[in-house]
Each structure stands twice: as C-alpha cells, then as structure tokens.
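Results of the structural survey
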Amino acid sequence: MRILFMGTPDIAAHVLEAILDAGHEVTAAVTKPDKPRDRGKKSAPSEVKVLALSRGIRVEEPETLKNGALTPLLEETNPDVIVVVAYGKILPESVLYYPKYGSINVHASLLPRYRGSAPIQRAIMGCEKETGVTVMKMDKGVDTGDALISAKVAISPEDTTETLTKKLAVIGAPLLLNALELIESGEAKFRKQNDAYATYAPMIRKEESAVDWSCSAEEISARIRGLDPWPAAEAEVDGIRLKLFRPRLSGFCAEAQPGTVVTAGKKGLIVACGGGSLLEIGEVQPAGKKRMPAAAYFNGKPLKENRIR
RNA sequence: CGCGGGGUAGAGCAGUCUGGCAGCUCGACGGGCUCAUAACCCGUAGGUCGUUGGUUCAAAUCCUUCCCCCGCAA
C-alpha cells in the first residue's frame with residue numbers, strides 16, 4: 001500500500017514507525033510546521049518530522065491545507081490511502097476522498113465518545129475507567145466517520161495523559177496495521193457511529209489548570225492527571241504558584257473545609273476537597289523550580305497559611 | 001537579544017539588599033527511650049556556596065566572564 005501519513009506529536013510518530021517497520025511504502029509525511037516551543041526564539045520540529053527525516057521520508061509542512069495546497073503532493077505521490085493520527089488540522093474533502101481507499105484516522109478514544117482534539121485528557125478528566133483507540137474512515141465531520149475496529153485499555157488511578165498516551169500508542173499502532181490489512185484485502189466492514197452516544201472532547205485551554213477544591217478528591221485527582229504534563233493543574237500556597245502532580249486519594253476527614261491544607265511536611269501534602277474527601281499531592285513544581293516530591297518541598301519551607309487556592 | 005525565577009551538604013530551603021565563624025527542616029549513619037510507631041531524645045559524618053576573573057584586611061554576599069535548570073508566553 002502506498003500510504004500518505006499525516007500526524008504531529010509522539011503518538012503519531014509511534015504509529016508511523018510501526019507502519020514503516022511493517023514494510024509499507026510511505027510516500028510522504030505531512031506534519032505541522034516547526035513552531036517556537038521554548039523560551040528564547042528557538043523553534044522545534046514535530047516528533048513526526050524528526051522520525052520521518054531519520055527514515056528518509058519526504059516531509060511536508062503546509063501552514064494551511066486550504067485552496068488545494070496539497071493537490072500537487074497528492075498527484076505526485078498517488079497514495080492508496082491517507083493515514084491521519086493527531087495531525088492537528090482539519091482536512092478538506094478534496095484531500096479526504098482523493099485516495100482510492102479514502103482517509104483513515106486513528107483516534108484515541110472509543111468512538112463515538114470523546115470526539116475531538118483532546119480525547120485522552122478528557123477521558124481521564126472525566127473519571128473514565130477505560131478508554132481506547134478507534135480506527136475509522138474519515139468524513140467531513142470531526143471524528144464522525146464510520147468505525148472499522150477499536151481496542152480498549154483500562155485507565156488506572158495513577159494514569160496521566162503522558163502514561164495513557166503511551167498505552168494507547170502501544171495498542172494503536174498494531175490496530176492500524178490490522179486495519180490496513182483489512183482494507184487491502186477488501187474485508188473491511190465499516191459501521192456507522194451511533195451519534196446518540198457521542199460526546200465531544202474540546203482542546204485543553206490553559207485556563208483549565210485552576211483547581212476547584214470544592215470538587216471531590218476523585219474529580220480533582222482526575223483533573224490533575226488529565227492535565228499532566230501540559231498545562232498541569234495549578235494552585236497557590238503561601239502566595240507561591242505550584243503545579244500539582246501524582247495525586248492519590250487519601251480518605252476522608254469530615255471537619256476539614258475544602259481548600260484546607262491538612263498536612264504539609266515530611267509526610268507530603270494533603271489537601272481537603274469537597275465532601276470532606278482528602279487528596280494527597282505526591283509531587284509539586286514551584287514556579288521557577290523543578291518538579292519534586294511534595295514532602296521534599298514542604299520540608300524546607302514551613303507553611304505560613306494552611307490554605308490552598 | 002520576548003518577559004521572569006533559580007544554582008549553598010544526599011533532598012528541600014534560609015543567608016546575599018547592609019561583606020565579618022557555613023545555617024535550617026529532613027534524609028543517612030551511631031546510640032537512647034517506648035508495649036509500639038511514620039513519634040520522641042542524644043550524637044556523628046557530609047560543603048570548591050555552578051564557573052571565570054576582579055575589588056577588599058576579609059566575598060555565598062559587591063563588580064565581571066561563561067555554563068546549567070526552570071516558570072511565563074507561544
């Protein structure tokens with residue numbers, strides 16, 4: 001199969017690597033352009049670009065796909081199918097339906113649930129116990145195309161977006177290879193998604209990093225883990241901004257008001273949440289500092305005020 | 001040169017403004033107490049104060065060179 005690959009972050013790179021290792025012909029990799037990522041003016045290439053270059057694959061980085069920007073590439077490489085994994089741009093129909101087998105997408109959720117750009121984060125933040133990967137045929141809607149196959153994976157209470165992304169990449173890559181075989185052999189059976197069960201997972205915004213301590217410990221834990229590693233849940237203790245990581249449910253204490261710091265010392269940081277539930281924060285990162293165990297930070301920095309915001 | 005914080009014992013920090021014995025909370029190690037413990041008590045070890053040069057009787061502290069880490073913003 002002649003494949004045109006489109007994707008950007010690490011999960012996409014994983015899938016691309018699997019396609020290459022399986023011996024498929026990848027005619028080109030389309031990815032988002034380099035963009036400034038860190039302090040200073042440096043810009044960094046996407047993970048897909050790095051991998052493609054190291055494997056000698058042609059890389060295209062169009063700013064926009066509108067106005068037939070991809071037409072020359074499509075005519076030149078004549079792909080049998082387009083594989084899209086977390087590309088980050090909407091594909092116009094002229095591109096979607098160009099190849100013989102159309103375009104297929106690896107989406108990191110059990111469709112029709114969590115359609116959209118942040119399915120992994122939203123599944124964790126929604127306190128889901130399981131999620132998965134779905135391979136589907138793309139149509140003009142956002143993740144609304146007919147599904148081919150899917151695979152489930154459990155979400156553990158320690159999973160973060162980072163760890164869950166890895167799990168999904170691990171099952172997603174072989175799932176796509178499987179799908180390609182089905183398509184090539186003509187055995188692919190696509191099923192319509194049931195829109196009645198659809199939910200939408202919008203992009204994560206920086207403003208969502210604030211924590212509402214009146215929520216339950218379980219909800220806050222889910223939020224912290226869903227926002228890890230980016231943008232990370234934030235709170236303020238003694239006027240210092242802290243990013244929060246590695247939450248763990250820590251029982252109940254009826255008297256404690258939500259937002260009260262119950263413990264901050266060598267045992268770590270424990271905060272009261274809604275309904276008297278307690279949440280232990282395993283790791284913190286003060287502004288300007290590295291991520292560290294909460295116990296370490298509060299050891300050398302006694303609290304002035306036992307309140308968290 | 002986008003804005004900003006930081007580098008001091010194994011960890012986390014104070015001390016820097018205003019130069020004057022290298023400190024704190026932990027950890028480690030040794031001992032003690034306790035029915036017992038993540039508790040408590042006594043003690044020990046552990047430092048090139050990121051790096052370069054300078055000012056000074058004296059520099060973690062003031063001036064200077066470079067390196068490294070991180071937050072914001074994207």
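In this numbering scheme, every chain counts its residues from 1 along its sequence in written order. Here chains are named by letter from A upward and ligands by number from 1 upward, in the order in which they appear as written. It should be noted that, the model being predicted, local features are given only for residues of pLDDT at least 70 and side-chain atom pairs only at 80 or more, the latter also being counted only at that level, while totals for whole chains, interfaces and linings use all residues. To get the side-chain values, take all heavy atoms of the structure and skip hydrogens and water.

Side note on helix α2 (residues 47-54)
- Of the residues making up α2, those classed as buried are V48, K49, L51 and A52. Seen along its axis, α2 keeps its buried residues to an arc of 165 degrees; they face one direction. Across α2 from its buried face, at more than 90 degrees, point the exposed residues L53 and S54.
- Buried residues belonging to α2 abut β1 (2-7), α1 (10-21), β2 (25-30) and β5 (59-60).
- Of the residues flanking the end of α2, it is G56, one or two places downstream, whose phi is positive at about 70 degrees. Buried means the residue's accessible area, taken with a 1.4 Å probe over protein chains only, is under 20% of the maximum for its type, while exposed means over 50%, and partly exposed covers the values in between. Segments assigned H or I by DSSP are reported as helices when at least four residues long, segments assigned E as strands when at least two residues long, and all are numbered from the N terminus. Comment: arc refers to directions from the helix axis out to C-beta atoms. Contact criterion: two residues are considered in contact whenever any of their non-hydrogen atoms come within 4.5 Å of each other.

A closer look at the pairing of β1
- Among the 6 residues of β1, 5 are classified as buried, and the element is accordingly described as predominantly covered.
- For two strands to be treated as a pair, DSSP must find no fewer than two bridges joining them. Note: β1 against β2, 5 bridges, orientation parallel. Note on β2: the bridge partner recorded for F5 is A29.
- For a crossover, the right-handed case is the one in which the path from the first strand over the helix to the second runs clockwise, viewed with the strands pointing away from the viewer. Following the chain from β1 across α1 to the adjacent parallel β2, one finds a crossover that is right-handed.
- In terms of strand pairing, β1 meets strand β6 (residues 81-85) through 5 bridges, oriented parallel. Looking at the pairing, F5 lines up with V83 of β6.

Quick notes on the domain arrangement of chain A
- Each domain's limits were defined by an automated method or a database of domain assignments. Parsing chain A into structural domains produces domain 1 (2-197) and domain 2 (206-298).
- Taken over C-alpha atoms, the centre of domain 1 sits 34 Å from the centre of domain 2.
- With 13 residues of domain 1 at the interface, the matching set in domain 2 holds 10 residues.
- Roughly 940 Å² is buried in total at the junction of domain 1 and domain 2, and carbon and sulfur atoms are behind 53% of that figure.
- Note: buried area is the sum, over both parts, of the accessible area (probe 1.4 Å) each one loses when the two are combined. Of all residues in domain 1, the largest losses of buried area upon contact with domain 2 belong to M125, C127 and T160, amounting jointly to 45% of the total for that side.
- For salt bridges, the criterion is a side-chain nitrogen of Lys or Arg within 4 Å of an Asp or Glu carboxyl oxygen. Run the count over domain 1 and domain 2 and you get 2 salt bridges.
- Across the pair R122 and E208 runs a salt bridge whose closest N-O atoms are separated by 2.8 Å.
- Each polar contact in these results corresponds to two N or O atoms within 3.5 Å; when the atoms are within protein, one needs to be able to donate a hydrogen and the other to accept it, and residues that are neighboring in sequence are counted only if both atoms are side-chain atoms. At the boundary of domain 1 with domain 2, the tally comes to 8 residue pairs in polar contact (both at pLDDT 80 or more).

A word on the nonpolar core
- Throughout this description, the term nonpolar core refers to a set of buried Ala, Val, Leu, Ile, Met, Phe, Trp, Tyr and Cys residues connected via side-chain atoms within 4.5 Å. Grouped together as the largest cluster of nonpolar side chains are 46 residues, with contacts concentrated most on F5, I19, V83, L176 and L180.
- When residues in this core are grouped by element, the largest group, 10 residues, is from helix α6 (residues 161-185).
- Residues I220, L227, V271 and A294 belong to the second largest nonpolar core, which totals 25 residues.

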